[in-house]
Amino acid sequence: MREREIPWVTSAPRGPRARRTCDTVGMRITVLAGGVGAARFLRGVKSAAPDAQVTVIGNTGDDITLFGLRVCPDLDTVMYTLGGGISEEQGWGRADETFGVSGELAAYGAGPSWFTLGDRDFATHILRTQLLAAGKPLSEVTRLLCERWQPGVRLLPMSDDTIETHVLIDDAGRSLVHFQEWWVRLHAAAPALAITAQGAESSAPAPGVLEAIADADFVLFPPSNPVVSIGTILSVPGIKDAAAAKTVVGVSPIIGGAPVRGMADACLAAIGVQTSAVAVAAHYGPGLLDGWLVDEQDKTAADDPALAGIAVRALPLYMRGTAATAAIAQAAIDLARELA
Ligand code: GDP
Ligand code: CA
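Counting of residues starts from 1 at the beginning of each chain's written sequence and follows it residue by residue. Following the order in which they are written, the chains are lettered starting with A and the ligands numbered starting with 1. Side-chain atom pairs in this predicted model are given and counted only at pLDDT of 80 or more, local residue features only at pLDDT of at least 70, and totals for whole chains, interfaces and linings cover all residues. Hydrogens and waters are ignored; side-chain quantities use all the structure's heavy atoms.

**Points about the coordination of the calcium ion (ligand 2)**
By definition of the ideal shapes, four donors in a tetrahedron about a metal sit 109.5 degrees apart, and six donors in an octahedron sit 90 or 180 degrees apart.
Then comes step 1: Those donors, D62 (OD), D74 (OD) and D74 (OD), are the protein atoms that reach the calcium ion (ligand 2), and they lie 2.1 to 2.6 Å from it. With a gap of twelve residues between them, D62 in the loop between strand 2 (53–58) and strand 3 (64–66) and D74 in helix 3 (residues 73–83) connect regions that are remote in the sequence. Each member of the pair, D62 together with D74, is buried. For Na, K and Ca the donor cut-off is 3.2 Å, while for other metals it is 2.8 Å, and in both cases only N, O and S atoms qualify; water is not among them, so sites may look incomplete. The secondary structure listing takes helices from DSSP runs of H or I that are at least 4 residues long and strands from runs of E that are at least 2 residues long, numbered from the N terminus. Only protein chains enter the area calculation, which uses a 1.4 Å probe; residues under 20% of their type maximum are buried, those over 50% are exposed, and those in between are partly exposed.

Given below as structure tokens:
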């Protein structure tokens, strides 16, 4: 934002300031994204760098088939949020929703009833399923859905192959359930013994994904779930190596030893990582992560030997409103440019 206030169109001063301003035009930023945490952060990126070309690589491990319809919660959260259709109170789902179809399904006794699907949202899933059934890959279907929403970023699923996160839980005996069943129906209360991205090993990145990483000026990790959002994207063969070759700056989803929202602590426990800003960065490791933003509460992370090789900056990380979120995105961009 600061940089846009410098006039550069006709009366641009010659010299370093002018050059720096022009550099932000056409800047290429690639962001790996989960759902709500990522979508809010992306609003900040668009506000801090309105002239940048932003490519978003979305998590599809949360995808699930319900009532025969393919539902992609994280892709839709990004698409609706950036396209102005999100329910602001929830952070997911459509604004001004009604639940006529869900009510009718329940009247038939058809389940599951634990996953909320509104009437407006249903239209997205019906059209997506129809296009997939006609043979279009998910990346093409996502592009077509975004023609309506115009999110202002290029939104790519991490893969066109089906990958589903499954959770081995200890719920009066061991059972393997879909991530959504553990997260939404069980509120992650049953301890996860293991979390696996089913199908990831034999999957390939969607067209354009590796190129978007390779061609980016830098890669950003929003404050998304490190296990079931960012971790799942990184489990698609090729993505982690491509990102490791670039400058990567991440934003901690953990503040003061707890997730800001949701139950990321339950996911971290399943992979043996502590719920702290330091432990999450150390889990990504200096081979992948170059810079890490932590909240002011966690500023001692900057001196933690566990983060040797990672540049740590502390600032307020609560995404409260547009200005606060844009400041976080600006700090991530500034650090990435400094390290690139
Ligand atoms: P999901 O797929 O909807 O769960 O969304 P993400 O994976 O993108 O993000 C979930 C993470 O966002 C959680 O671990 C939260 O702690 C984090 N988060 C949510 N709001 C904020 C915030 O205001 N600041 C920070 N730093 N993290 C946040
Ligand atoms: Ca998600």
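**Notes on the site of ligand 1**
Then comes step 1: A molecule or strand has a residue near it when one of that residue's heavy atoms lies within 4 Å. Neighbouring ligand 1 are 20 residues, the closest being P223, S224, S229, P253 and L317.
Then comes step 2: What qualifies as a polar contact is a pair of N or O atoms within 3.5 Å, subject to a donor-acceptor requirement within protein and to the restriction that residues adjacent in sequence count only when both atoms come from side chains. P253 places a polar main-chain atom, nitrogen or oxygen, 2.8 Å from an oxygen atom of ligand 1.
Then comes step 3: L317 is positioned with one of its backbone polar atoms (N or O) 2.7 Å from a nitrogen atom of ligand 1.
Then comes step 4: Only the protein chains shown count as cover for residues, and the accessible areas themselves come from Shrake-Rupley with a 1.4 Å probe. Considered on its own, ligand 1 offers 590 Å² of accessible surface; in the complex 90% of this is hidden by protein.
Then comes step 5: If one sorts the elements of the shell around ligand 1 by residue count, helix 2 (residues 36–48) sits on top with three residues.

**Considerations on the confidence of the model for the chain**
Then comes step 1: pLDDT runs from 0 to 100 and stands for how confident the predictor is about each residue. For the chain, per-residue confidence averages 93 on the pLDDT scale, and 93% of positions sit at 70 or higher.
Then comes step 2: Every residue pair with non-hydrogen atoms within 4.5 Å of one another is taken to be in contact. With pLDDT under 50 throughout, residues 1–22 is counted as low confidence; its partners more than four residues away or in other chains account for 20 contacts.

**Looking at the packing of aromatic side chains**
The way to describe two aromatic rings as a pair is by their centre distance and the angle between their planes.
Then comes step 1: When two rings of Phe, Tyr or Trp (its six-membered ring) have centres within 6.5 Å they constitute a pair, described as stacked for plane angles under 30 degrees, edge-to-face for angles over 60, and tilted for the intermediate range. Throughout the structure, instances matching the rule amount to seven aromatic pairs.
Then comes step 2: Pairing Y284 with W292 gives two aromatic rings, centres 6.0 Å apart and planes at 75°, and the pair type is edge-to-face. You'll find Y284 and W292 in the same group, each marked buried.
Then comes step 3: Counting every residue linked through ring pairs, the aromatic cluster contains F179, W182 and W183.
Then comes step 4: Working rule: Lys NZ or Arg CZ, within 6 Å of ring centre, within 35 degrees of ring normal, means a charge sits over the ring. Between the NZ or CZ atom of R94 and the centre of the ring of Y80, over which it lies, the distance is 5.6 Å.
Then comes step 5: For the cation-ring pair, R320 lies above Y318, with the distance from its terminal atom to the ring centre recorded as 4.6 Å.

**So, the nonpolar core**
Then comes step 1: Membership of the largest hydrophobic core comes to 53 residues, with the highest contact counts inside it found for W182, I195, F221, Y284 and W292.
Then comes step 2: The greatest single-element share of this core, amounting to six residues, is contributed by helix 12 (residues 277–284).
Then comes step 3: Residues contacting W182, with those up to four places away along its chain left out, are V167, I169, V177, H187, A188, A190, A192, I195, A266 and C267. Nonpolar core, defined: a set of buried Ala, Val, Leu, Ile, Met, Phe, Trp, Tyr and Cys residues in which side-chain atoms within 4.5 Å join the residues together.

**Some remarks on the sheet that holds strand 8 (residues 192–198)**
Then comes step 1: The rule for pairing is simple: two strands pair if DSSP sees at least two bridges between them. Taking strand neighbours across the sheet as the criterion, the three strands line up as 7-6-8 in an open arrangement whose pairing is antiparallel. Each of the sheet's edge strands pairs with one partner strand only, and the pair in question is strand 7 (174–178) and strand 8. Across the sheet, the mean angle separating the axes of adjacent strands is 20° when strand polarity is ignored.
Then comes step 2: Note: strand 6 (residues 164–170) against strand 7, five bridges, orientation antiparallel. Residue pairing across strands places H166 opposite H178, the latter belonging to strand 7. Convention adopted: a line fitted to C-alpha atoms gives each axis, helices being fitted over their contacting stretch, and angles between N-to-C directions are expressed from 0 to 180 degrees.

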